[in-house]
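Chains, contacts and geometry: an overview
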Amino acid sequence: MEAEGLDWLLVPLHQLVSWGAAAAMVFGGVVPYIPQYRDIRRTQNADGFSTYVCLVLLVANILRILFWFGRRFESPLLWQSAIMILTMLLMLKLCTEVRVANELNARRRCFADFDPHHFWQWSSFADYVQCVVAFTGVAGYITYLSIDSTLFVETLGFLAVLTEAMLGVPQLYRNHRHQSTEGMSIKMVLMWTSGDAFKTAYFLLKGAPLQFSVCGLLQVLVDLPILGQAYAFARHPQKPVPHTVHPASTKAL
């Protein structure tokens, strides 16, 4: 009787927690990029952020949306992908504008050149949009033709989550190559790690397809070495290399 008497409180409370968890899944993925976006706007320097992170997330979330057409999963995960795509496009727009403003007399590079040496290093945001639209069109057409194949759908799901699991790899490589994490937002990486741990638990508790749980675990395993780099390079910083800044440049380190 006592348990039944508490139903009026427990049922709405459970619903509220479910809504909160769903909202966290939908919007929590973009939160880590807010401090990085603000840092780039403030310093007018995008060197510390790898735009290949945007490439990884765009591909992963486009594939995840296509996977939904073959195997339906929870709506919050679908909305999360749509919002993440918009966020990555905003990050790309800012990074491209800042980089072009800081490059003096640089040769214009565009998607239509089909130059593999300058892939994802174009001079206009419109070129990135063209690339994303082209990829979405090709992947969508292939999915449309193969949607009845269980093997294809499951493979598509694994490709989506495996791509997303590699999210931190471009940043990990960039930090290793420069032997520095200068320009990288530590807040962003901390939010990556906590967010990935949260969503892995969410996937397990909600019974999401196996691909999602594997993705979350792999992402945490990539996030931790990036945090290790931040700690190691902070203890043993590299000596700065003298360089000359052009008076007209707005680049600030």
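Predicted model only: the values in this text are computed from it and were never measured.

Points about helix α8 (residues 169-178)
Three or more residues of α8 are buried, namely Pro-170, Gln-171, Arg-174 and Asn-175. Looking straight down α8, one finds its buried side chains confined to an arc of 130 degrees; they lie on one side. The exposed set on the far side of α8, more than 90 degrees from its buried face, consists of Tyr-173, His-176 and Arg-177. Looking at the buried side of α8, the elements it contacts are α4 (52-70), α9 (186-206) and α10 (210-235). After α8 finishes, the residue Gln-179 shows a positive phi value of roughly 50 degrees.

Some points on the nonpolar core
Counting residues in each nonpolar core, the largest one holds 56 residues, and the members touching the most others are Tyr-33, Phe-49 and Trp-120. For this core, the secondary structure elements donating two or more residues are α2 (7-28), α3 (33-43), α4, α5 (75-102), α6 (125-146), α7 (150-165), α9 and α10. Contacts of Tyr-33, omitting those with residues within four sequence positions, involve Phe-49, Val-53, Leu-57, Met-84, Thr-87, Met-88, Met-91, Leu-167, Met-188 and Trp-192.

Here's the deal with the pattern of salt bridges
For the structure shown, the criterion picks out 5 salt bridges. A salt bridge links Asp-39 to Arg-42, with the nearest nitrogen and oxygen atoms 3.5 Å apart. You can see Asp-39 and its partner Arg-42 sitting in helix α3, 3 residues apart, about one turn around the helix. Judged by its relative accessible area of 25%, Asp-39 falls in the partly exposed class. For Arg-64, the salt bridge identified is with Glu-164, shortest N-O distance 2.8 Å.

Focus on the UniProt feature "transmembrane region" (unreviewed entry) in the chain
Annotation from UniProt places "transmembrane region" (unreviewed entry) at residues 16-37, 49-71, 77-95 and 125-144. Along residues 77-95 one finds 100% helix and 0% strand; the C-alpha atoms at either end are 27 Å apart. In the segment residues 125-144, helix accounts for 100% and strand for 0%; the C-alpha atoms at its two ends are 28 Å apart.

Regarding the side chain of Ser-180
With respect to the element layout, Ser-180 can be found in the loop between α8 and α9. For Ser-180, a relative accessible area of 18% translates into the label buried. Beyond its immediate chain neighbours, meaning those up to four positions away, Ser-180 contacts Arg-174, Asn-175 and Phe-233.

Here's the deal with the packing of α5 against α6
Packing of α5 against α6 brings their axes to within 9 Å, and their N-to-C directions diverge by 145 degrees. For the pair α5 and α6, contact is made by Leu-89, Leu-92, Lys-93, Thr-96 and Arg-99 and by Phe-125, Tyr-128 and Val-132, respectively. Partitioned by chemical class, the residues of the contact of α5 with α6 number 5 nonpolar, 1 polar and 2 charged.

So, the packing of aromatic side chains
A complete count under the given rule lists 9 aromatic pairs for this structure. With a centroid separation of 5.3 Å and an interplanar angle of 80 degrees, the aromatic rings of Trp-68 and Phe-69 are classed as edge-to-face. Residue Phe-69 is classed as partly exposed on the basis of its relative accessible area of 49%. Through a chain of ring-to-ring contacts, three or more aromatic side chains come together here, namely Phe-111, Phe-114, Phe-119, Trp-120, Trp-122 and Tyr-128. Lying over the aromatic face of Trp-68, Arg-72 brings its terminal NZ or CZ to 3.9 Å of the ring centre.

Focus: a nonpolar patch on the surface
On the surface, Val-31, Ile-34 and Met-191 cluster together into a nonpolar patch covering about 220 Å² of accessible area. Relative to the assigned elements, Ile-34 resides in helix α3. Given a relative accessible area of 46%, Ile-34 falls into the partly exposed group.

Some thoughts on unusual backbone geometry
Positive phi, normally seen in glycine, also occurs at Gln-44, with a value near 55 degrees. Looking at the secondary structure, you find Gln-44 in the loop between α3 and α4. Using a relative accessible area of 26% as the deciding quantity, one classes Gln-44 as partly exposed.

Considering the packing of α7 against α10
Following both chains from N to C, one finds α7 and α10 inclined at 20 degrees, their axes separated by 8 Å at the closest point. When the axis of α7 is compared with that of α10, the two are roughly parallel. Helix-helix and strand crossings are classified by hand; for α7 and α10 the assignment is right-handed. On the side of α7, the interface is formed by Glu-154, Gly-157, Phe-158, Val-161, Leu-162, Glu-164 and Ala-165, while α10 contributes Gln-211, Phe-212, Cys-215, Leu-218, Gln-219 and Val-222.

Conventions adopted
- Residues numbered from 1 in each chain as written.
- Predicted model: local features only at pLDDT ≥ 70, side-chain atom pairs only at ≥ 80, totals over all residues.
- Heavy atoms only, no water.
- Buried < 20%, exposed > 50% of the residue type's maximum accessible area, 1.4 Å probe, protein only.
- Helix = DSSP H or I, 4+ residues; strand = E, 2+ residues; numbered from the N terminus.
- Arc of directions from axis to C-beta.
- Contact = heavy atoms within 4.5 Å.
- Core = buried A, V, L, I, M, F, W, Y, C linked by side-chain atoms within 4.5 Å.
- Salt bridge = Lys/Arg side-chain N within 4 Å of Asp/Glu carboxyl O.
- UniProt positions renumbered as here; feature names shortened; annotations may be inferred.
- Axes fitted to C-alpha atoms, helices over the stretch in contact; angles between N-to-C directions.
- Nonpolar A, V, L, I, M, F, W, Y, C, P; charged D, E, K, R; others polar.
- Phe/Tyr/Trp six-rings, centres within 6.5 Å; stacked < 30°, edge-to-face > 60°.
- Lys NZ or Arg CZ within 6 Å of the ring centre and 35° of its normal.
- Patch = residues over 30% accessible without salt bridge, like charges linked within 9 Å, V, L, I, M, F, W, Y side chains within 5 Å.
- Areas by Shrake-Rupley, 256 points an atom, 1.4 Å probe, with all protein chains shown as cover.
- Parallel < 35°, antiparallel > 145°, perpendicular 65-115°, else oblique.
- Left-handed = near helix turned anticlockwise from the far one by under 90°.

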